[in-house]
Every structure is written in C-alpha cells, then in structure tokens.
Amino acid sequence: MRLPLMLRVKYGIGRYLPFLKIRPPKVDRQAAMLLRPGRNSMLTWEKRETGETMLLVPQNEKVGRVTRTMARFLKAPTERQVELDEVGGYVWELCDGSLTVDAIVQRTCKQYKMNRREAEVSVTMFLQMLHERNFIGFYKKTGKKA
Amino acid sequence: MPTQVQTKILKAEKRAAQNAEISSATQTVIGWQGVRCMLPPDWNVTGFSMDRENGYLRVDAPAPGTMTVQIRWSNAARVQKGPPNLYTFLAPRFRKLFKRPDAAVPKPDLKANLEKILKETAKQAKKAKAGFESTIKPEKTEGDDDERTAINFSWNGGGRGQGKIWYCAVCHRIIVAQVVGMPKDQTAMALIASQLFATLHDHSIDGYDRWALYDLQVDVPDDFHLEDQKLLSGYLHLGFRRGSERILVDRWGLANVTLKKFTLDAWFRNHALVKLKCLPKDERSLHGHECEHYTGSIPAIARIRALRETKGALRRFATRYESGIWECPNTNKLYAIQVAHNKRSVGLWEEVAERCDCH
C-alpha cells in the first residue's frame, strides 16, 4: 500500500537531509513475518516447462488518452514480461494472501532444503522486490490490506 | 503441598529434562578460527573477525533480539611480548628450526581482563540509564589436563549476561564467552550457557581446525589461515592460504535447480581456480556421492600470478592443482574443494575432502 502524500514528502525530506532525523518508523520483524503477501490481480502468469514462471504485467493502463492513442498508433507492447526462476516462481505461487511470510519461508526451506536463515533472507528480499514493483501487496489478515 | 526439598528435586528433574531435550535435538556446530562450540538448531553466525590472534565471533538465536552468544579471543603470548622486534621475529623461527619448546608464556591476569570487560558493559548500561550489577566467581582450573584457568561471571543491567573468561595454556589464548539476553530469558540463558561452556573448544584437534557455519563443516590444517570469505544466501566460500598453497571450499545451495541448467562438470568449469580443460578427470566416491575429481600441474601463467601474490616467496610454492565437486542430494547442495599445493603436500585434497561433512 502506498503511503499518503504528506508522509512520502516528509520521509523524502528526511532521506535527503539526514540531520533532521526524520525517519520512517522501524518495521517490527515479528509483525512483518506475520503479513500475508497477495498477488496483484492485474497480473497474469504462466509456468513454463523449464520451471521458470513468466509474469505478464499490463502496461499503458494508467496513462492519458493521448499517450494511449500514441501507443496504439506506434504499436507499443501492451504488456511487459518478467521472468522468475524456479524458486521465484515457487514463492510467487505461494503469494495467494492466505500464507504468512513466515509460512512461505518455512515451505521454501522444506522444499529446497535450505538453511532457515538463508531462506529467510532470500525470500524476504524477493518479496520486498516484488512489492516495490507493485506485483504484490501485504495483508495483515486474510482479505484486509496492511 | 510439596516441601522445599521436593520442590528442589522437581526443579532439578525439570532442568535435566530440558537439558536432555537440548542434547537430543540436532545441534548447530559453529567453528571459526580454531574456536568451536555447539548451539541449539538454527543459531547462526552473524558477526566475525578475520583475525586469528585477536578476534570475535557473534552467534544469534533464530529470533533476533532475543539471545546472542559472543566469543572474544586474544593471544596472551603476543600481548605479553609488546611491540615486535628482531628477537621476537627470529626466536620462534630458530626454536622451530632446532625443535626447541616454545618460550614459557606468563599467565595473564584474568581478573584484570574481566574487570575491563565489565567496566565497558557497565558504561553501556549507564548509557541506557539502567543499573548495573555483576558477580565474579572465584578462579578455578579445568580441562582434561588442567590446561584452563577460568572465571565465571554474570551481569545484570539493561540486559543480562552469563559468561566465562579463561586462559588456555595449550594455545595461549584468552577467551571470553558470554550469552547475552533479556532479563526474562534467564532460564533459557542458563541452559544455553551450560551447553556453550561444555562444548566450547579453543584450539585445534590433531592439527586441524574446524570451520563450521550455515551447514558447511570442514576441517582445514591449522597452519592455513583464512584469506577470504564470501557468505551469501545460497553460496558460501572460504579461502585459506599457507605460503603460496591454497585451499578453497565452496558450497552452493539449490543443487537441484542448478543441475537442471548445467552439468556438474560445466558448473565447476565456470568456478574453478584454473582452466580445467587440460586437466585429466576421474570419478570417485566421496561420502557416498559421486565426485568429479581433477588433478594436474598448475599452468605457468597461474604460477607467475601465484609468485606475484606471495611476493616472490618460494617456500612451499604451489605447483600442483587438485579439486573435486560433488552433489549431496540429502542436503540439496553442491560442494567443491580446490587445493593448489606443493609436491610435498600430497594427499592434502583427500584429507580436507574426507573431513568435509556434507550431510
């Protein structure tokens, strides 16, 4: 979920002027592990025989009429493809809003026989990356967004 | 209503049961710079130093911010000697040459060392605006040959700590090991501390140091020093050096995913120290797995590079290369051990590979 504009401006100022000591509140690790990642419903995906997962991200959805007309005229692609490797695809499939981050880490650990800490670092970083690209959102409880 | 004696017995039984629970569970082996210990599962190394003489190791509990094990070591022999001079440089070399015993190292003042540590901790507690209390127990000797002089201590202020400082007469190291946690974790801390102190060793066995972290466990001769490391999620690398001889240990996770795209041979060719094209390959069994083994002489260009790296030192100059890679399906990992060695160190690869526990 995007932060309100005022907070974004405030934290932006704090980032570039560190002496002001304006920082976003620290996220509690335990609370973060209980969040439930859910996929963006605008995205579609397909699994390939090689094990990779291809995400199809729609483009030109939130653009003006002129840009849309220009895009149609220039035959610009309407969707972007993002390829996830086998492990990424496995985690992506688990992001259905019902499992917590902790549960996803545990399942990844079991599936690929990884060390708990290694799995936690990889999965949380990957989820963070997906969230930054708006491919997933985090829910506090099933059905309610954080 | 139970009497005081009954309560004590019940408590002791409970403690024994908890101890048994800890020992029965699979334990994490931690080994770094000759220091090794066993801790409950999922405890992982989060901080370390590269120095063998004076260094530290930090191991955290799975849930961060709960409990931490801190181990610090310093070489008492070096501390006592002061700044290096010609005598300190030549004397150990002559002693080694003429096979004379090492010079006696005076016993360090453990209490003074401990007081220094506690003073620093008290300062931190003061910063956190918390009171500070510490208890120091009397000095005692322990170990199989009474080689250790130890003092137990505990402190309370801001957090809680239970630790031990000792001097080992074999390796001349002063070790400070402590379990730090929150005051509410007192019982768990006591259990961890007893497990830590019972399993903590400070010097090598049979001339081999155990290096163990994140599922990687390997024994390396103690005269090899850690040169470089890479601890990434899914990839661990430890590089050791003795003169121009090198041992490289690599461990990759997600073997099943990697081997879908590459063969074991192709994967290793991309990561090997030297070009493997010209080296003869054979297959052998290692820890019950098939290992692809390469052996041959180091190419001239690589030798020149090694000569430059060792600043022209020709002692134990590495001329031979031996390596092997194997997949451990039990842990879904790939292990590779590469050795660049001198003709005199024949069998080094076999020794290290045999002592690398993959499952």
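Looking only at helices and strands, chain B features 9 helices and 20 strands. Out of the 359 residues belonging to chain B, those deemed buried represent 32%.

With that settled, consider helix α5 (residues 101-112) of chain A. Residue and element names in this part refer to chain A. If you check α5, its first and last C-alpha atoms are 16 Å apart, about what 12 residues at 1.5 Å a residue would give, namely 16 Å. In the core, the buried residues of α5 are packed alongside α2 (29-33), β1 (36-39), α4 (86-94) and α6 (116-132). In the segment just after α5, K113 is the residue with positive phi, at about 50 degrees.

Residue and element names in this part refer to chain A. Sheet architecture is open: 3 strands sit in the order β2-β3-β4, paired in antiparallel fashion. With partners counted over all chains shown, the strands left at the sheet margins are β2 (44-47) and β4 (79-84), one partner each. Each adjacent strand pair in this sheet contributes to an overall mean axis angle of 20 degrees, direction not counted. In this sheet, strand β3 (residues 53-58) lies alongside β2 in antiparallel orientation, the contact comprising 4 bridges. When the sheet's bridge partners are listed, K47 is paired in β3 with T53.

Attention now goes to the confidence of the model for chain B. Looking at chain B as a whole, its pLDDT mean stands at 82, while 89% of the residues score no less than 70. Interface confidence in the predicted complex, given as ipTM, is 0.73; pTM for the same model is 0.79.

This next bit is on the nonpolar core. What tends to happen in soluble globular proteins is that the nonpolar side chains get buried as a cluster. All names here are of chain B. Within the largest apolar cluster, 86 residues are counted, with the highest numbers of intra-cluster contacts made by L196, I247, Y335, I337, V352 and C356. By residue number, the principal contributor to this core is strand β19 (residues 333-341), which donates 6 residues. Apart from the residues within four sequence positions on either side, I247 is in contact with V220, F224, F240, V339 and V352.

Domain assignment breaks chain A into domain 1 (1-27) and domain 2 (34-145). The straight-line distance from the C-alpha centre of domain 1 of chain A to that of domain 2 of chain A is 26 Å.

The next point concerns unusual backbone geometry. Residues and elements named next belong to chain B. Of note, the phi angle at Y214 is positive, near 45 degrees, even though the residue is not glycine. Considering the arrangement of structural elements, one finds Y214 in the loop between β11 (208-213) and β12 (216-221). We note that N332 has phi near 55 degrees; this positive angle belongs to a residue other than glycine.

Here we take up the domain arrangement of chain B. All names here are of chain B. As assigned here, chain B comprises domain 1 (27-199) and domain 2 (214-357). Centre-to-centre separation of domain 1 and domain 2, based on C-alpha positions: 32 Å. At the interface, 5 residues of domain 1 touch 5 residues of domain 2. For the side of domain 1 that touches domain 2, the per-class residue count stands at 2 nonpolar, 2 polar and 1 charged.

All names here are of chain A. Running from N to C, α4 and α5 point in directions that differ by 140 degrees, and their axes come no closer than 11 Å. Of the possible angle classes, the one that applies to α4 and α5 is oblique. Handedness of the α4/α5 crossing: right-handed. Residue-level contacts link V87, Y90, V91 and L94 of α4 to I104, R107, T108, Q111 and Y112 of α5.

A few words on the packing of α5 of chain A against α6 of chain A. Residues and elements named next belong to chain A. It is the contact of α5 with α6, at a shortest axis distance of 9 Å, that shows an interaxial angle of 125 degrees. One way to sum up the angle between α5 and α6 is to call them oblique. Every pair of crossing elements has a handedness; the one defined by α5 and α6 is right-handed. Contacts between α5 and α6 pair V101, I104, V105, T108 and C109 from the former with R116, A119, E120, V123, T124 and L127 from the latter.

Right, let's talk about the sheet that holds strand β14 (residues 235-242) of chain B for a bit. All names here are of chain B. Spatially, the 7 strands line up as an open sheet ordered β13-β14-β15-β19-β18-β17-β16, and their pairing is antiparallel. The open sheet has two edge strands with one neighbour each: β13 (225-232) and β16 (281-286). Sheet twist, expressed as the mean angle between neighbouring strand axes with direction ignored, is 15 degrees. The pairing of β13 with β14 spans 7 bridges and is classified as antiparallel. Note on β14: the bridge partner recorded for L232 is Y235.

Each value, and the rule that gives it
- Residues numbered from 1 in each chain as written.
- Chains lettered and ligands numbered in written order.
- Predicted model: local features only at pLDDT ≥ 70, side-chain atom pairs only at ≥ 80, totals over all residues.
- Helix = DSSP H or I, 4+ residues; strand = E, 2+ residues; numbered from the N terminus.
- Buried ≥ 20, exposed ≤ 12 C-beta atoms within 10 Å, placed from the backbone.
- Expected span 1.5 Å × (residues − 1).
- Contact = placed C-beta atoms within 7 Å.
- Pairing = 2+ DSSP bridges.
- Axes fitted to C-alpha atoms, helices over the stretch in contact; angles between N-to-C directions.
- pLDDT = per-residue confidence, 0-100.
- Core = buried A, V, L, I, M, F, W, Y, C linked by C-beta atoms within 7 Å.
- Domains from an automatic or database assignment.
- Nonpolar A, V, L, I, M, F, W, Y, C, P; charged D, E, K, R; others polar.
- Parallel < 35°, antiparallel > 145°, perpendicular 65-115°, else oblique.
- Left-handed = near helix turned anticlockwise from the far one by under 90°.

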